[in-house]
Amino acid sequence: MKKISILLVTTILLSACVSKKKYLALEQENGEIKSELTKTQVEKEDLENKFAKIQARVDDYNAKINSLNEDVEGLKIENDIKLDVNADGTVISNKSRQKMLATLENVDPAKLAEAKTLKDSMNLAVQYNLAKTMDTSDFNEDEDIAVNINETVVMISISDKMLFNSGSYRISSKANNILQKLADVINSEESIDVMVEGHTDSRPINTEKIADNWDLSVLRATSVVRKLQNKYNVDPAKLIASGRSSYQPLVENNSSENRSKNRRTRIILMPNIDKFFALMEAK
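Note that the structure is a prediction, hence the values are computed from the model and not measured.

Caption draft 1: Seen up close, the side chain of Asn262. Looking at where Asn262 falls in the secondary structure, it is placed in helix 7 (residues 256-262). Residue classification places Asn262 among the buried residues on the basis of a relative accessible area of 0%. Looking at Asn262, its side chain comes within polar contact range of the main-chain nitrogen of Leu250, at 2.6 Å. Side-chain polar atoms of Asn262 contact the backbone oxygen of Val251, separated by 2.9 Å. In this view, Asn262 contacts His199, Thr200, Asp201, Pro249, Leu250, Val251, Glu252 and Asn253; residues no more than four positions away in its chain are not counted.

Caption draft 2: Region of the structure containing the environment of Ala102. Here Ala102 shows up in helix 2 (residues 94-104). Residues Ala102 and Ala125, 23 residues apart in the sequence, show an inter-C-alpha distance of 9.1 Å.

Caption draft 3: Local environment of the pattern of salt bridges. For the coordinates displayed, the defined rule picks out 5 salt bridges. Each of Glu197, Arg244 and Arg266 takes part in salt bridges that share partners, so that together they form one network.

Caption draft 4: Up close: unusual backbone geometry. One non-glycine residue, Asn233, adopts positive backbone phi at about 60 degrees. Position of Asn233 relative to the elements: it lies in the loop between helix 6 (213-230) and strand 6 (239-243). Judged by its relative accessible area of 61%, Asn233 is exposed.

Caption draft 5: Here's a closer look at the pairing of strand 6. As paired strands, strand 5 (residues 192-199) and strand 6 are joined by 5 bridges and run parallel to one another. Each residue of the ladder has a partner; that of Met195, found in strand 6, is Ile240. Taken together, strand 5, helix 6 and strand 6 form a β-α-β motif whose crossover is right-handed.

Caption draft 6: Structural context of the nonpolar core. Membership of the largest hydrophobic core comes to 27 residues, with the highest contact counts inside it found for Ile156, Leu179, Val224, Leu228, Ile267 and Leu269. When residues of this core are traced back to their parent elements, those giving at least two are strand 3 (145-150), strand 4 (153-159), helix 5 (176-188), strand 5, helix 6 and strand 7 (264-271). Residue contributions to this core peak at 6 residues, all from helix 5. Excluding its chain neighbours within four sequence positions, the residues that come into contact with Val224 are Leu163, Phe164, Ile171, Leu179, Val196, Thr265 and Ile267.

Caption draft 7: Up close: the side chain of Ser246. Assignment of secondary structure puts Ser246 in the loop between strand 6 and helix 7. Overall, the relative accessible area of 13% leaves Ser246 in the buried class. In contact with Ser246, not counting residues within four places along its chain, are Thr200, Asp201 and Ser202.

Caption draft 8: Here's a closer look at the packing of helix 5 against helix 6. Packing of helix 5 against helix 6 brings their axes to within 10 Å, and their N-to-C directions diverge by 65 degrees. With respect to helix 6, the axis of helix 5 lies roughly perpendicular. When the axes of helix 5 and helix 6 are compared, the crossing they make is right-handed. Across from Leu179, Ala183 and Ile186 in helix 5, the residues of helix 6 making contact are Val224, Lys227 and Leu228. Considering only residue class, the contact of helix 5 with helix 6 consists of 5 nonpolar, no polar and 1 charged.

Caption draft 9: Region of interest: the confidence of the model for the protein. Counting all residues, the mean pLDDT for the protein is 74, and 63% of those residues have values of 70 or more. Here residues 72-90 is a poorly scored stretch, pLDDT under 50, and it has 28 contacts once near neighbours within four places are set aside; other chains count.

Caption draft 10: Focus on the environment of Lys209. Note that Lys209 resides in the loop between strand 5 and helix 6. Note: C-alpha distance between Lys209 and Leu219 (10 residues apart in sequence) is 10.0 Å.

Caption draft 11: Looking closely at the packing of aromatic side chains. Following the criterion strictly, the structure yields 1 aromatic pair and no others. The interplanar angle of 35 degrees and the centroid separation of 5.5 Å between the aromatic rings of Trp214 and Tyr247 together place this pair among those described as tilted. Pair noted here: Trp214 is in helix 6 and Tyr247 is in the loop between strand 6 and helix 7, with a separation of 33 residues, a long-range link. Judged by its relative accessible area of 58%, Tyr247 falls in the exposed class.

What counts and what doesn't
Residue positions are counted from 1 within each chain, in the order its sequence is given. Whole-chain, interface and lining totals are the exception, using all residues; otherwise, since this is a predicted model, local features are given only for residues with pLDDT of at least 70 and side-chain atom pairs are given and counted only at 80 or more. Side-chain numbers here rest on the full set of heavy atoms in the structure, without hydrogens or water. The helix count covers DSSP runs of H or I at least four residues long, the strand count covers runs of E at least two residues long, and both are numbered beginning at the N terminus. Buried, partly exposed and exposed residues are distinguished by accessible area as a fraction of the type maximum, computed with a 1.4 Å probe on protein chains only: under 20%, between the cut-offs, and over 50%, respectively. In protein, a polar contact requires one atom able to donate a hydrogen and another able to accept it; more generally it is a pair of N or O atoms within 3.5 Å, and residues adjacent in sequence count only if both atoms are side-chain atoms. Between two residues, a contact is recorded if the distance between any of their heavy atoms is within 4.5 Å. The rule for a salt bridge is simple: a side-chain nitrogen of Lys or Arg has to be within 4 Å of a carboxyl oxygen of Asp or Glu. In this description, strands pair whenever DSSP reports at least two bridges between them. Orienting the strands away from the viewer, one traces the path from the first strand over the helix to the second; a clockwise path indicates a right-handed crossover. Within this scheme, the nonpolar core is defined by two criteria: the residues are buried Ala, Val, Leu, Ile, Met, Phe, Trp, Tyr or Cys, and they are joined through side-chain atoms within 4.5 Å. In this analysis, axes come from line fits to C-alpha atoms, helices being fitted only over the stretch in contact, and the angle between any two N-to-C directions falls in the range 0 to 180 degrees. Comment on the angle field: the value is read as roughly parallel under 35 degrees, roughly antiparallel over 145, roughly perpendicular from 65 to 115, and oblique elsewhere. Rotating anticlockwise by less than a right angle from the far helix to the near helix defines a left-handed crossing, while the corresponding clockwise rotation defines a right-handed one. When residues are sorted by character, Ala, Val, Leu, Ile, Met, Phe, Trp, Tyr, Cys and Pro go into the nonpolar class, Asp, Glu, Lys and Arg into the charged class, and all the rest, Gly among them, into the polar class. Values of pLDDT, the confidence the predictor places in each residue, fall between 0 and 100. We call Phe, Tyr and Trp rings a pair once their centres come within 6.5 Å, taking the six-membered ring for Trp, and we label the pair stacked below 30 degrees between planes, edge-to-face above 60, and tilted otherwise.

Right, here's the structure in full:
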């Protein structure tokens, strides 16, 4: 019986020892797992920090790229609006210069070869656009109507018998056709200013309503201007009325035929250079 008791005690003690060893092993394993987990968490935090720094650098680079793109676009815009002052005093933006050069590609090379300065080239560009707008074939030139394109202006000389009754500044009904055609040309081009000049012969005039040839020439010019504005909807801001009396005759006032030639109204279509290039900037 005693032997059995000793054996039982021994067995219990051995079992206790085995369980303790397993516990210690599990404790050690658990510690190692916790250590590995802590290490993994530290590595994860380290990787997150590195990623955040990389992302910050990427964001910084993207911001710099966007800034550079804006700078490039800004430089392009600045370059377009930059004004060049040339030796002859002409001022023009790069954008207008580019548009002008595109226009000059259509100009007769022989004429273009004669342009010595930028101002000459600008005049050629304006002349080309004006000639394109002004179809002189519509006016059926004869001895009563003369059309001339000179440099950058179009000059249309109309005999007074086409516009007025004799000795009067009131416009006759037969003038409607020519004034309609003039209005169509003027209204089709935003950059044109229009000067209407009245010219008389040298014979003196003095009536209740007309003091002299100065008066008659101005009254005829303003009659044309009012008709263009009121009947044909020409912008009055484009119009200029002037009288030259008898002091710019085409020929000597020594015959009825010559005096008839000198009695005329001259319509001068003049491109407004500033407005012309402002329109080019807008296109």
